[in-house]
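Here is what each chain is made of, one letter per residue.
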Amino acid sequence: MKLFLDTANLEDIKKYASWGLVDGVTTNPSLIAKEGVNFEKRVKEITKVIKGPVSAEVISNDAKEMIREGKKFAKWAKNIYVKCPMTPEGLIATQKLSKAGIRVNMTLIFSAAQALLAAKAGAAFVSPFIGRVDDMGQDGMELIEEIVQMYANYNFKTEVLVASIRSPRQVAEAAMIGADICTVPTAIYDKLVKHPLTDNGLDKFLADWKKSKKK
Ligand code: G3P
């Protein structure tokens, strides 16, 4: 399973990329706004650090305008994936952009039916927001199971990108189900590495080693 970072913070992207395990980056208008930076400039900066897919989201509601935005973004770098929302207009734009060879990440997916439409429209990625599904009192991971099963039934090439991750356990569960990608906020990325028993074990090993050197 590929691991993406879900952030537009360049310093964080550089830091985690240096660990060697970041396969891509997802951004959205909220993440860009949080950084208070110019969208185009930041996306271009990210594509220079990360060689894998970098998602940039359209902000229009109209298909024609989404296509115009998408075509513009795609010129910024070879690894741009254009994020289009799951709306009728977004579906029209996804089909047109995909046919033009531009990879689309269909976002704001909350049901298996929406994921089916995204795949039929030719999206390269589909982004179900599992944390927000959980917040509604439903089961986000069940949604991932349904989409993975559905895509396997029909051999859809669309990759399942699990988004809105709230815990490291969700990353492991998504991998067990067979999702293609998880996009992980930096706070959760830190927690993927951490375990108190690892820290305790390491402290003990080093303390024992020091003791043995005194003999
Ligand atoms: O990639 C989508 C993700 O950023 C949404 O996450 O935590 O705002 O639900 P969240």
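Keep in mind it's a predicted model, so treat the numbers as computed, not measured.

The rules behind these values
- Residues numbered from 1 in each chain as written.
- Predicted model: local features only at pLDDT ≥ 70, side-chain atom pairs only at ≥ 80, totals over all residues.
- Heavy atoms only, no water.
- Core = buried A, V, L, I, M, F, W, Y, C linked by side-chain atoms within 4.5 Å.
- Buried < 20%, exposed > 50% of the residue type's maximum accessible area, 1.4 Å probe, protein only.
- Contact = heavy atoms within 4.5 Å.
- Helix = DSSP H or I, 4+ residues; strand = E, 2+ residues; numbered from the N terminus.
- Arc of directions from axis to C-beta.
- Pairing = 2+ DSSP bridges.
- Axes fitted to C-alpha atoms, helices over the stretch in contact; angles between N-to-C directions.
- Polar contact = N/O pair within 3.5 Å; in protein donor to acceptor, adjacent residues only side chain to side chain.
- Near = heavy atom within 4 Å.
- Areas by Shrake-Rupley, 256 points an atom, 1.4 Å probe, with all protein chains shown as cover.
- Nonpolar A, V, L, I, M, F, W, Y, C, P; charged D, E, K, R; others polar.
- Patch = residues over 30% accessible without salt bridge, like charges linked within 9 Å, V, L, I, M, F, W, Y side chains within 5 Å.
- Salt bridge = Lys/Arg side-chain N within 4 Å of Asp/Glu carboxyl O.
- Lys, Arg positive; Asp, Glu negative; His and termini not counted.
- Charge placed at Lys NZ, Arg CZ, Asp CG, Glu CD.

Novice: I'm lost on the nonpolar core in this one. Help?
Specialist: Soluble globular proteins tend to bury their nonpolar side chains together. Of all hydrophobic cores here, the largest spans 55 residues; its most connected members are Val-160 and Val-162. Once you skip the residues sitting within four places of it in the chain, Val-162 turns out to touch Pro-128, Ile-130, Ile-144, Ala-174, Ala-179, Ile-181, Cys-182 and Thr-183. Listed in part, the eight residues of the second largest apolar core include Ala-124, Phe-125, Phe-129 and Leu-161.

Novice: Looking at this model, I keep getting lost on helix H10 (residues 186-193). Mind explaining?
Specialist: An α-helical turn contains 3.6 residues, so a residue and the one three or four places further along point in the same direction. Those residues of H10 not exposed but buried are Thr-186, Ile-188 and Tyr-189. Projected down its long axis, H10 carries its buried residues within an arc of 155°, all on one side. Residues of H10 that are buried make contact with strand E1 (2-6), helix H1 (10-17), helix H9 (168-177) and strand E8 (181-184).

Novice: Please clarify how the sheet that holds E1 should be interpreted in this entry.
Specialist: Across a sheet, strands are paired by hydrogen bonds formed along the backbone, either parallel or antiparallel in direction. Ordered in space as E1-E2-E3-E4-E5-E6-E7-E8, the eight strands form a closed barrel in which the pairing is parallel. Neighbouring strand axes in the sheet, compared pairwise and without regard to direction, differ in orientation by 30° on average. Sitting on the sheet, helix H3 (residues 39-49) is in contact with strand E2 (24-26), strand E3 (54-57) and strand E4 (80-85), with an inclination near 170° to E3. Packed onto the sheet, helix H6 (residues 112-120) meets strand E5 (104-109) and strand E6 (125-128) and runs at close to 165° relative to E5.

Novice: Can you walk me through the side chain of Asn-105 in this structure?
Specialist: Mapped onto the elements, Asn-105 comes out in strand E5. Within the structure, the side chain of Asn-105 is placed 3.1 Å from the side chain of Ser-55, a separation counted as a polar contact. When residues no more than four places from it in sequence are discounted, the contact partners of Asn-105 are Thr-26, Ser-55, Val-82, Lys-83, Cys-84, Phe-125, Val-126, Ser-127 and Leu-161.

Novice: Explain the site of the ligand here, please?
Specialist: Inspection of the region around the ligand gives Asp-6, Asn-28, Phe-129, Arg-132, Ala-163, Ser-164 and Arg-166 as its neighbouring residues. Here Asp-6 contributes a side-chain N or O atom positioned 2.6 Å from an oxygen atom of the ligand. Coverage of the ligand by the protein chains reaches 80% of its 310 Å² of free accessible surface. A class-by-class count of the residues in the shell around the ligand yields two nonpolar, two polar and three charged.

Novice: Would you explain a nonpolar patch on the surface in this entry?
Specialist: On the surface, Trp-19, Leu-192 and Val-193 cluster together to form a nonpolar patch covering roughly 270 Å² of accessible area. When you line up the elements, Leu-192 lands in helix H10.

Novice: Mind showing me how you'd approach the pattern of salt bridges here?
Specialist: Pairs may arise between side chains of opposite charge once their charged atoms sit close together. Enumeration over the complete set of coordinates arrives at eleven salt bridges. Between Lys-2 and Glu-159 there is a salt bridge, and its shortest N-O distance comes to 2.6 Å. With Lys-2 in strand E1 and Glu-159 in strand E7 (residues 159-162), this pair connects stretches of sequence that are 157 residues apart. Residue classification places Lys-2 among the partly exposed positions, given a relative accessible area of 32%. One salt-bridge network, held together by shared partners, links Lys-41, Arg-42 and Glu-45.

Novice: What am I meant to see in a negative patch on the surface here?
Specialist: A cluster of acidic residues, Asp-134, Asp-139, Glu-142, Glu-145 and Glu-146, forms a negative patch at the surface. By residue number, the principal contributor to the negative patch is helix H8 (residues 140-154), which donates three residues. Tracing the backbone shows Glu-142 in helix H8. Judged by its relative accessible area of 43%, Glu-142 falls in the partly exposed class.

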